[in-house]
Amino acid sequence: MKYQGSCHCGGIRFEVEAPDDLQVEECNCSICAKSGFLHLIVPKSKFRLFSPEDNIATYTFNTGVARHTFCKICGIKPFYIPRSNPDGYDINVRCLDTKPRSITIEQFDGQNWENHAHKLTHKSQET
């Protein structure tokens, strides 16, 4: 299924291809817990950005591998390139305008990321 998504103001618009029934992660690390991000990791080929890149600001910290992207206008983070899957995109399911048939949320222990990141690495692989 193709999902349309956006930030709050519409300055960032995108499309992502994913199953009708989504399995996503809710992470307890500091940035995800504070932003309420629900993670849907997909291969880069399943993501399409419709907005100009100059509407996007990027924030990095710690190792600098993850590229956290935000709308320069409204500050919402609809997607980013995750450290666990730098070859994919991590979509915030809460920013999807097209709603999935169902969502299953699994807890992910991001506070102990190094011990659990291997559980996510398969998600950006082509199927």
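This write-up is about the structure you can find in this document. (Residues numbered from 1 in each chain as written. Predicted model: local features only at pLDDT ≥ 70, side-chain atom pairs only at ≥ 80, totals over all residues. Heavy atoms only, no water.)

**Examining the pairing of strand β1 (residues 2–6)**
Here is the rule: When DSSP finds two or more bridges between two strands, those strands count as paired. A run of DSSP states H or I qualifies as a helix once it reaches four residues; a run of E qualifies as a strand once it reaches two. Both are numbered from the N-terminal end.
Summarising the sheet, β1 and strand β2 (residues 13–17) pair through five bridges and their orientation is antiparallel. Bridge pairing in β2 links lysine 2 to glutamate 17. Between β1 and the antiparallel strand that follows it, β2, lie six residues; glycine 10 among them carries a positive phi value of about 90°.

**Details of the pattern of salt bridges**
When the charged atoms of two side chains lie near each other, side chains of opposite charge can form a pair. The following threshold applies: The salt bridge criterion pairs a side-chain nitrogen of Lys or Arg with a carboxyl oxygen of Asp or Glu, the two atoms within 4 Å. Buried means the residue's accessible area, taken with a 1.4 Å probe over protein chains only, is under 20% of the maximum for its type, while exposed means over 50%, and partly exposed covers the values in between.
Per the stated rule, a full pass over the model turns up three salt bridges. Close ionic contact of lysine 123 with glutamate 25 constitutes a salt bridge, the shortest N to O distance being 2.9 Å. Here glutamate 25 lies in strand β3 (residues 21–27) and lysine 123 lies in the segment after α2 (113–116), a separation of 98 residues in the sequence. For the pair shown, lysine 123 and glutamate 25 are each scored as buried.

**Some details on the packing of aromatic side chains**
To keep it simple, the criterion reads: Centre distance within 6.5 Å is the pairing criterion for rings of Phe, Tyr and Trp, where only the six-membered ring of Trp is used; planes under 30 degrees apart are then read as stacked, over 60 as edge-to-face, and the remainder as tilted.
Under the criterion given, the structure shown has seven aromatic pairs. Geometrically, the ring pair formed by phenylalanine 14 and phenylalanine 47 is stacked, given 5.6 Å between the ring centres and 25° between the ring planes. Of the two residues, phenylalanine 14 is situated in strand β2 and phenylalanine 47 in strand β5 (residues 47–49); the sequence distance between them amounts to 33 residues. Classification of phenylalanine 47 by relative accessible area gives buried; the value is 10%. Each ring, one from phenylalanine 37 and one from tyrosine 80, has its centre 5.3 Å from the other, and the planes form 80°; the classification is edge-to-face. Of this pair, phenylalanine 37 sits in the loop between α1 (30–35) and β4 (38–43) while tyrosine 80 is found in strand β8 (residues 79–81), placing the two residues 43 residues apart along the sequence. Neither residue differs from the other here; phenylalanine 37 and tyrosine 80 are each classed as buried.

**Remarks on the sheet that holds β5**
Quick note on the threshold: The axes used here are C-alpha line fits, helices contributing only the stretch in contact, and every angle between their N-to-C directions lies in the interval 0 to 180 degrees.
Taken together, three strands build an open sheet; the order of strands is β1-β2-β5 and the sheet is antiparallel. Two strands lie at the open edges of the sheet, namely β1 and β5, each paired on one side alone. In this sheet, neighbouring strand axes are inclined to one another by 20° on average, regardless of whether the strands run parallel or antiparallel.

**Some details on the environment of serine 6**
For the record, the criterion: Any two residues whose heavy atoms approach within 4.5 Å at even a single point are treated as in contact. Pairs of N or O atoms within 3.5 Å make up the polar contacts considered here, provided that, within protein, one atom can donate a hydrogen while the other can accept it, and that residues adjacent in sequence are counted only when both atoms are side-chain atoms.
Within the element layout of this structure, serine 6 appears in strand β1. Sequence separation between serine 6 and isoleucine 76 is 70 residues; the distance between their C-alpha atoms is 8.9 Å. Sequence-distant contacts of serine 6, defined by excluding residues within four places in its chain, comprise Ile12, Arg13, Phe14, Pro78, Cys95 and Asp97. At 2.9 Å, the side chain of serine 6 forms a polar contact with the side chain of aspartate 97.

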